[in-house]
Amino acid sequence: MAPLQITALTAERSALALPDLPWDAPLSRWPAETLAALPRGISRHVVRFVRLADAVVAVKENTEELVRREYGLLRVLRRLDVPCVVPVAVVTGRTTPEGEQLDPGLVTQHLQFSLPYRALFSQSLRPDTATRLVDALAVLLVRLHLAGFYWGDVSLSNTLFRRDAGEFAAYLVDAETGELHQELSDGQRENDVEVARINIAGELMDLEAAEYLDESVDPVEVANSIVERYHSLWQELTGLESFEQGERWRVQARIERLNELGFDVGELSISTDVGGSVVQIQPKVVDAGHHSRRLLRLTGIDAENNQARRLLNDLDAYVAATDRQNDDEEISAHDWLAQVFDPVVRAVPRRMRRKLEPAEIFHEVLEHRWYRSQEAQRDIPLLEAARSYVDDVLSQRPDEQALILQTGLMDTGQMAAVGMDRDEAPLLGGSGHDDPDDPESDRIDGWLSSHG
């Protein structure tokens, strides 16, 4: 029997516990007590969520060449600060007790508070959810292309989504078809966009056939929107802009527009024509996460970009309301953290704090406060709104951690979606193109057949 080989990125407890898993059995046959029942998206390979030490990881079987290739690509993407799952290890040398060779495994961290797109849909879901997901995917695709990454198989299925202050943030999950280049050609970028458009149309038509898509949503129209959204964002981030010599204010205006989109400009190319009357500017180095970095620097809170923008807006409102515009920004931010943000987070009972991330909870409390104030025709104090939010909204939400069942008897395809709006009925996420010999697959055949 060949020895088991584990190449791990870190020496964290989860990586050190990898040898304890039943690598001598096909992933589809791993015992239920090993598995974590979380919503699982469509995959062309067998994928399972596994409880490991104090963490949850995803394990995917594939050929050794593709496993090592994807592991390496994910490592580079993480260094480039591109939103993607975190690689943990590659496991090779797997054999059964009888000596039969098994496919190697790629181990990645489970992205907390994230869901596959299918688990976000239900019959009562907001009609614009499909558009919001496509917008998030367009932003991710632009960020990948700026980093020189050609995806090759862009789709909602190969993406995970996290809530981001009323919008979504997209993370790359499947990188096995990707390629890293110094810079992408227009043809490579356009091919990715076209693949995205075709795949999204098919995925939304699948939801439509299963009656999980609102009747007002046109799958083809939504899929086509990624083309316009991508090109608009790409032009804003990289396009050349010309203006007259006396309009230099437009340089700062361009930078502020990019900041509003969540991007920092690290370098600008500025040139003039022969007569010096026309100035041209073009961003050369654009980094995502403008609001996230500012919030992290001021408060230590690590949040998605829209969440960070919402929290920064509240911080600015706090500074204005307390007449501290001339104070040091970091001191004001420290006081806002102690007097505003932390009390709201502490108002959430400990047993409920894993339902949503603190930044998303704070955003929803602000939203809840606005609606309550409208109803009451008066300003509702923030802590009063926080207590009302906990009682009326957060208590009704399913707990993501509760989905990691102690019994391990339910397949991930049976799990209700987490992190939904209160009026969103849960949808059972399908296991998709999984192993047909999986004993758990019989339990969800009814749902899959309804999915066409």
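Residues numbered from 1 in each chain as written. Predicted model: local features only at pLDDT ≥ 70, side-chain atom pairs only at ≥ 80, totals over all residues. Heavy atoms only, no water.

1. Thoughts on the packing of aromatic side chains
Applying the stated criterion across every chain, the model contains seven aromatic pairs. Look at Trp336 and Phe362: their rings are 5.8 Å apart centre to centre, the planes differ by 75°, and that puts the pair in the edge-to-face class. With Trp336 in helix H9 (residues 329-346) and Phe362 in helix H10 (residues 358-376), this pair connects stretches of sequence that are 26 residues apart. Here the aromatic cluster, defined as three or more aromatic residues joined through ring pairs, consists of Trp336, Phe341 and Phe362. (Phe/Tyr/Trp six-rings, centres within 6.5 Å; stacked < 30°, edge-to-face > 60°. Helix = DSSP H or I, 4+ residues; strand = E, 2+ residues; numbered from the N terminus.)

2. Some points on the sheet that holds strand E8 (residues 159-164)
The three strands lie next to each other as E6-E8-E9, forming an open sheet whose pairing is antiparallel. Looking at which strands have only one partner, the edges of the open sheet turn out to be strand E6 (114-116) and strand E9 (167-172). The mean inter-strand angle of the sheet, taken between neighbouring strand axes irrespective of direction, is 40°. Sheet topology note: the E8/E9 ladder contains six bridges and is antiparallel. For Thr159, the partnering residue across the bridge sits in E9 and is Leu172. (Pairing = 2+ DSSP bridges. Axes fitted to C-alpha atoms, helices over the stretch in contact; angles between N-to-C directions.)

3. Focus: the packing of helix H5 (residues 219-238) against helix H6 (residues 249-260)
Running from amino to carboxyl end, H5 crosses H6 at an angle of 135°, the nearest separation of the two axes being 10 Å. Here H5 lies oblique to H6, going by the angle between them. In this structure, H5 meets H6 at a crossing whose hand is left-handed. Where H5 abuts H6, its residues Gln235, Glu236, Leu237 and Thr238 lie against Arg254, Arg257 and Leu258. A breakdown of the residues in the contact of H5 with H6 according to their chemical character gives two nonpolar, two polar and three charged. (Parallel < 35°, antiparallel > 145°, perpendicular 65-115°, else oblique. Left-handed = near helix turned anticlockwise from the far one by under 90°. Contact = heavy atoms within 4.5 Å. Nonpolar A, V, L, I, M, F, W, Y, C, P; charged D, E, K, R; others polar.)

4. Regarding the pattern of salt bridges
Counting across every chain of the model gives 26 salt bridges. Residues Asp174 and Lys60 are paired through a salt bridge, measuring 3.6 Å at the closest nitrogen-oxygen approach. In this pair, Asp174 is assigned in the loop between E9 and strand E10 (179-180) and Lys60 in strand E3 (residues 55-61), connecting sequence segments 114 residues apart. Owing to a relative accessible area of 8%, Asp174 belongs among the buried residues under this scheme. The class for Lys60 is buried, based on a relative accessible area of 9%. Taken together, the shared-partner salt bridges connect Arg294, Arg297, Asp316, Glu329 and Glu330 into one network. (Salt bridge = Lys/Arg side-chain N within 4 Å of Asp/Glu carboxyl O. Buried < 20%, exposed > 50% of the residue type's maximum accessible area, 1.4 Å probe, protein only.)

5. Looking at the confidence of the model for the protein chain
For the protein chain, per-residue confidence averages 80 on the pLDDT scale, and 82% of positions sit at 70 or higher. Averaged over each element, pLDDT in the protein chain is lowest for helix H12 (residues 445-450) (28) and highest for strand E7 (residues 149-150) (96). (pLDDT = per-residue confidence, 0-100.)

6. So, helix H3 (residues 129-146)
Given 3.6 residues per turn, any residue in an α-helix points the same way as the ones three and four places further on. Over its 18 residues, H3 extends 26 Å from the first C-alpha to the last, a length consistent with the 26 Å expected when each residue adds 1.5 Å. Counting buried positions over the 18 residues of H3 gives 14, a clear majority of the element. Looking one or two residues beyond H3, the residue adopting positive phi is Gly148, at roughly 85°. (Expected span 1.5 Å × (residues − 1).)

7. Some words on the sheet that holds E3
Pairing in this open sheet of five strands is antiparallel, and the strands run E1-E4-E5-E3-E2 from one edge to the other. Because the sheet does not close on itself, it has two edges, and the strands there are strand E1 (5-8) and strand E2 (47-52). The average angle at which neighbouring strand axes cross in this sheet is 25°, direction not considered. Relative to E3, E2 is paired through six bridges, and the arrangement is antiparallel. Paired with Val50 across the two strands is Val57, which belongs to E3.

8. Overview of the packing of H9 against helix H11 (residues 382-392)
In the contact formed by H9 and H11, the axes pass within 9 Å of each other and the chain directions differ by 20°. Classified by the interaxial angle, the pair formed by H9 and H11 is roughly parallel. Relative to H11, the crossing made by H9 is right-handed. Contacts between H9 and H11 pair Val340, Pro343 and Val344 from the former with Leu382, Leu383 and Ala386 from the latter. Among the residues forming the contact of H9 with H11, the class breakdown is six nonpolar, no polar and no charged.

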